[in-house]
Amino acid sequence: MTEWSERGAGTSDRCVVVGAGTMGLGIAYVAAGAGHTVELVEVDRDRGAAAVARLGELWDRAVGRGRLTADEAAATRARLTVHAGLAALAPEPAVVVEAVPERPELKRAVLRDAEALRPALLGSNTSSISIGELAEGLARPERFLGLHFFNPVWAMPLLEIVVGPATAPETTAAAVTLAGRLGKDPVVVRDLPGFATSRLGVALGLEAIRMVADGVADPADIDKAMVLGYRHPVGPLELTDLVGLDVRLDIARTLRAAYGDRFAPPPLLEAMVAAGRLGRKSGQGFYHWVDGKRAGAADLTGLAS
Ligand code: NAD
């Protein structure tokens, strides 16, 4: 514990983010905006270049909307660098956030490499993999936990902090402090499948899909019922379209294995994924999507049997 206080989170402001996809670039953007020196690591050269371009657009937009002055944007931009690998980075950053694809073996390998940098805090942005499972093979699992951000990271206030079986209380406290610095509002949850957000969100989404199949109402009215009747900002079917039906199906299968048939994927969800109707990203889900915007009802004929 002595070592901890000598090198706790906050002794450096360096934040390493591994993976510059949807989530990693969002985390990097927020961390740089919060004053961290950010090192964004991406193995795919094209994805790295795309992330740099997208970050530039985000800073330009912030200036255009008057949220940052041009000087502030330039200073924030200067705090962020992109790297092809972890090996060349200096040791002992304050935090490493892993945001590579949702594959346990890949994540474990990245986390082992990241741990070699001896960060004060090591976090995974996994949305469904057990933190205990990801900690296998780590020399210091007490410094590791889940840092589950939401998409888009700059707009979503929640940080779900997932405490693994070996996570030390100091690590959880450091993650709560980090959340505050990043302007996020944290919840601290135990490492059980689906954590808090996916377990509840998917339960609601699956029931809404069963209601479509049962003919209770059409998707727009089921969503409207939750938006107007329960003050949800977006209905469960539209949210399923935004997240991706394939992503939700994968999580439902994981949760069914953990909790039983109450999470069994509805046949309608299976049929829609098999038909390539994945929601906004494919242009068709429970709604029709044009240029990323909801554009009317989708035709579910032949699917909702
Ligand atoms: P993504 O596919 O958009 O990005 C992942 C990036 O990691 C890719 O650019 C890939 O090239 C890169 N990568 C792969 N191996 C790497 C390595 N060894 N080193 C460095 N970079 C590497 O994925 P995403 O949607 O950003 O998701 C990342 C994580 O965040 C996943 O665990 C996912 O479950 C979780 N998550 C996603 C969302 C979401 O809405 N997309 C929300 C919350 C959590």
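None of these values were measured; they are calculated from a predicted model.

Here we come to the overall build of the protein chain. A count of helices and strands for the protein chain gives twelve helices and ten strands. Since a compact globule built from 305 residues should have a radius of gyration of about 19 Å, the 20 Å found for the protein chain is in line with a globular shape. Each principal axis of the C-alpha atoms in the protein chain carries an extent, and together these give about 60 × 45 × 35 Å. The buried share among the 305 residues of the protein chain stands at 46%. For the protein chain, the proportion of contacts with a sequence separation of at least 24, taken over those separated by at least 6, is 65%. Here the protein chain displays about 14,500 Å² of accessible surface, and carbon together with sulfur accounts for 55% of that area.

A full pass over the atoms with the stated rule returns three aromatic pairs. With 5.7 Å between their ring centres and 75° between their planes, Tyr29 and Trp154 make a pair best called edge-to-face. In this pair, Tyr29 is assigned in helix 2 (residues 22–33) and Trp154 in the loop between strand 6 (144–148) and strand 7 (158–163), connecting sequence segments 125 residues apart. You can call Trp154 partly exposed: its relative accessible area is 28%. Ring plane angle 45° and centroid distance 5.8 Å describe the contact between Tyr259 and Phe263, whose orientation is recorded as tilted.

What follows is about the pattern of salt bridges. A complete count under the given rule lists 14 salt bridges for this structure. In this structure, Arg256 and Asp261 form a salt bridge, with 2.9 Å as the shortest nitrogen-oxygen distance. In this structure Asp261 comes out as exposed when scored by relative accessible area, which is 56%. Linked through salt bridges whose partners overlap, the residues forming this network are Glu105, Arg108, Glu133 and Glu136.

Moving on: the UniProt feature "site: Important for catalytic activity" (unreviewed entry) in the protein chain. In this structure's numbering, the residues bearing the UniProt feature "site: Important for catalytic activity" (unreviewed entry) are His148. Mapped onto the elements, His148 comes out in strand 6. Using a relative accessible area of 5% as the deciding quantity, one classes His148 as buried. Once residues within four sequence positions are removed from consideration, His148 is found in contact with Ser124, Asn125, Thr126, Ser127, Leu158, Leu159, Glu160, Phe195, Thr197 and Ser198.

Here the domain parsing of the protein chain yields domain 1 (2–190) and domain 2 (197–297). Summarising the inter-unit geometry, the C-alpha centres of domain 1 and domain 2 are found 29 Å apart.

The next subject is the site of the ligand. Neighbouring the ligand are 23 residues, the closest being Met23, Glu42, Glu102, Lys107 and Ser127. A distance of 3.0 Å is found between an oxygen atom of the ligand and a side-chain nitrogen or oxygen belonging to Arg47. Taking Ser127, its side chain carries an N or O atom lying 2.7 Å from an oxygen atom of the ligand. Contact with the protein chains removes 78% of the 840 Å² of surface that the ligand exposes when unbound.

A separate point is the packing of helix 10 (residues 236–243) against helix 11 (residues 245–259). Running from N to C, helix 10 and helix 11 point in directions that differ by 100°, and their axes come no closer than 6 Å. Comparing the axis directions of helix 10 and helix 11 gives the class roughly perpendicular. From helix 10, Pro236, Leu239, Thr240, Asp241 and Val243 reach across to helix 11, where they touch Leu245, Val247 and Arg248. Tallied by class, the residues present in the contact of helix 10 with helix 11 amount to five nonpolar, one polar and two charged.

We now examine the layout of surface pockets. Put simply, the second largest pocket is a space of about 270 Å³. Forming the boundary of the second largest pocket are 14 residues, of which Tyr29, Gly33, Ala62, Leu68 and Trp154 lie nearest the centre. Mapped by element, the contributors of at least two residues to the lining of the second largest pocket are helix 2 and helix 3 (45–64). The class makeup of the residues in the lining of the second largest pocket is eight nonpolar, two polar and four charged.

A surface patch of nonpolar side chains, amounting to about 240 Å² of accessible area, comprises Leu239, Leu242, Val243 and Val247. Here the element with the most residues in the nonpolar patch is helix 10; it accounts for three residues. Looking at the element boundaries, Leu239 is found in helix 10.

On the basis of which strands lie adjacent, the open sheet formed by eight strands has the order 3-2-1-4-5-6-7-8 and mixed pairing. Looking along the sheet, the strands with just one partner apiece sit at the ends: strand 3 (80–83) and strand 8 (185–190). Sheet twist, expressed as the average angle between the axes of neighbouring strands with direction ignored, equals 25°. Bridge count between strand 2 (residues 37–41) and strand 3: four bridges; the pairing is parallel. Residue Val38 lies in a different strand from strand 3, and its bridge partner there is Leu80. Against the sheet, helix 5 (residues 104–115) touches strand 1 (14–18), strand 4 (95–98), strand 5 (121–124) and strand 6, its axis set at about 165° to strand 5.

Conventions and cut-offs
- Residues numbered from 1 in each chain as written.
- Predicted model: local features only at pLDDT ≥ 70, side-chain atom pairs only at ≥ 80, totals over all residues.
- Heavy atoms only, no water.
- Helix = DSSP H or I, 4+ residues; strand = E, 2+ residues; numbered from the N terminus.
- Rg over C-alpha atoms; globule rule 2.2 N^0.38 Å.
- Buried < 20%, exposed > 50% of the residue type's maximum accessible area, 1.4 Å probe, protein only.
- Contact = heavy atoms within 4.5 Å.
- Areas by Shrake-Rupley, 256 points an atom, 1.4 Å probe, with all protein chains shown as cover.
- Phe/Tyr/Trp six-rings, centres within 6.5 Å; stacked < 30°, edge-to-face > 60°.
- Salt bridge = Lys/Arg side-chain N within 4 Å of Asp/Glu carboxyl O.
- UniProt positions renumbered as here; feature names shortened; annotations may be inferred.
- Domains from an automatic or database assignment.
- Near = heavy atom within 4 Å.
- Polar contact = N/O pair within 3.5 Å; in protein donor to acceptor, adjacent residues only side chain to side chain.
- Axes fitted to C-alpha atoms, helices over the stretch in contact; angles between N-to-C directions.
- Parallel < 35°, antiparallel > 145°, perpendicular 65-115°, else oblique.
- Nonpolar A, V, L, I, M, F, W, Y, C, P; charged D, E, K, R; others polar.
- 1 Å grid on protein atoms, 1.4 Å probe; cavity = no way out; pocket = protein on both sides within 12 Å on 5 of 7 lines; lining within 4 Å.
- Points joined across faces, edges and corners; volume = space filled by probe spheres on them.
- Patch = residues over 30% accessible without salt bridge, like charges linked within 9 Å, V, L, I, M, F, W, Y side chains within 5 Å.
- Pairing = 2+ DSSP bridges.

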